[in-house]
Amino acid sequence: SFPTESLDKLCDDPIVYQNHDHGISPKKFSENKNLQRLFVILTTSKDKKKEKEYVSTMRSCEYPITLFQWHPEKIEFEWGSPNIPRTCGAIRVSRLAAAFLVREADKSSKRPDSQELKQLIDYLKLIDDRRIRRRQYGQ
């Protein structure tokens, strides 16, 4: 799970990339008894305009499901927007989110067979190859 210090930072500091205009408000969440039975709110955030609060991270009470309404992957791997935070705290939270997701995936007994794995690796190589060519030729 996330260290308390990092969860506090998620709640208080702009350390994740928020690019959303829609989401469920904590008030609406608390009015919906079905949602309350299924999920617990971990963090809330403000929308892009910093006007409306919405639930940005929640976890299932019963199942291994965590919902992110923010982009932990963009902090380290996308450089196209000046709005993506690059602070040490942002990078730490991004890495904690990635480690958390890997630990959750490791709990699953499902594994791709060798053919599925080969197809995935070939597909990822193709995507990476296209990115390299675009950078080389300015496309």
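Analysis parameters
Residues numbered from 1 in each chain as written. Predicted model: local features only at pLDDT ≥ 70, side-chain atom pairs only at ≥ 80, totals over all residues. Heavy atoms only, no water. Helix = DSSP H or I, 4+ residues; strand = E, 2+ residues; numbered from the N terminus. Polar contact = N/O pair within 3.5 Å; in protein donor to acceptor, adjacent residues only side chain to side chain. Contact = heavy atoms within 4.5 Å. Core = buried A, V, L, I, M, F, W, Y, C linked by side-chain atoms within 4.5 Å. Buried < 20%, exposed > 50% of the residue type's maximum accessible area, 1.4 Å probe, protein only. Salt bridge = Lys/Arg side-chain N within 4 Å of Asp/Glu carboxyl O. pLDDT = per-residue confidence, 0-100. Expected span 1.5 Å × (residues − 1). Arc of directions from axis to C-beta. Pairing = 2+ DSSP bridges. Axes fitted to C-alpha atoms, helices over the stretch in contact; angles between N-to-C directions. Patch = residues over 30% accessible without salt bridge, like charges linked within 9 Å, V, L, I, M, F, W, Y side chains within 5 Å. Areas by Shrake-Rupley, 256 points an atom, 1.4 Å probe, with all protein chains shown as cover.

(A) Just the side chain of Ser 94, in detail. Mapped onto the secondary structure, Ser 94 falls in helix α5 (residues 88-106). Within the structure, Ser 94 has its side chain in polar contact with the backbone oxygen of Pro 72 (distance 2.6 Å). Leaving out residues up to four positions away in the same chain, Ser 94 has contacts with Pro 72, Ile 75 and Glu 76.

(B) A look at the nonpolar core. Counting residues in hydrophobic clusters, the biggest one holds 5 residues: Phe 29, Leu 35, Phe 39, Val 55 and Met 58. Contacts of Phe 29, omitting those with residues within four sequence positions, involve Ile 24, Leu 35, Gln 36, Phe 39, Ile 41, Val 55 and Met 58.

(C) Spatial organisation of the pattern of salt bridges. Enumeration over the complete set of coordinates arrives at 5 salt bridges. Its salt-bridge partner being Glu 31, residue Lys 27 comes within 2.6 Å of it at the nearest N-O pair. Of the two residues, Lys 27 and Glu 31 both sit in helix α2 (residues 26-31), 4 residues apart, roughly one turn of that helix. The partner of Glu 104 in a salt bridge is Arg 59, with the nearest N and O atoms 3.5 Å apart.

(D) Examining the confidence of the model for the protein more closely. With 74% of its residues at a pLDDT of 70 or more, the protein shows a mean pLDDT of 79. Within the protein, the element-level pLDDT minimum falls on helix α1 (residues 4-12), averaging 61, and the maximum on α2, averaging 95.

(E) Representation of α5 within the structure. For α5, which comprises 19 residues, the first-to-last C-alpha distance of 27 Å matches the rise-based estimate of 27 Å (1.5 Å per residue) to within 8%. Those residues of α5 not exposed but buried are Gly 89, Ala 90, Val 93, Ser 94, Ala 97, Phe 100 and Glu 104. End-on view of α5: buried residues confined to an arc of 140°, all on one side of the axis. The exposed residues of α5 that point more than 90 degrees off its buried face are Cys 88, Arg 95 and Asp 106.

(F) Looking closely at the environment of Tyr 63. Topologically, Tyr 63 is positioned in the loop between β2 (53-60) and β3 (66-68). Spatially, the C-alpha atom of Tyr 63 lies 9.3 Å from that of Phe 39, the residues being 24 residues apart in sequence. Side-chain polar atoms of Tyr 63 contact the side chain of Glu 62, separated by 3.4 Å.

(G) Inspection of the sheet that holds β3 at higher detail. Taking strand neighbours across the sheet as the criterion, the 3 strands line up as β1-β2-β3 in an open arrangement whose pairing is antiparallel. Each of the sheet's edge strands pairs with one partner strand only, and the pair in question is β1 (39-46) and β3. Geometrically, the sheet is characterised by an average inter-axis angle of 25° between neighbouring strands, direction not taken into account. Bridge count between β2 and β3: 3 bridges; the pairing is antiparallel. By the bridge assignment, Thr 57 is partnered in β3 with Phe 68. Lying on the sheet, α5 is in contact with β2 and β3; it crosses β3 at an angle near 145°.

(H) Fine view of a nonpolar patch on the surface. Among the surface-exposed residues, Leu 117, Leu 120, Ile 121, Tyr 123, Leu 124 and Leu 126 lie close enough to one another that they form a single nonpolar patch of about 540 Å² accessible area. By the element assignment, Leu 126 lies in helix α6 (residues 114-137). Its relative accessible area of 35% is what places Leu 126 among the partly exposed residues.

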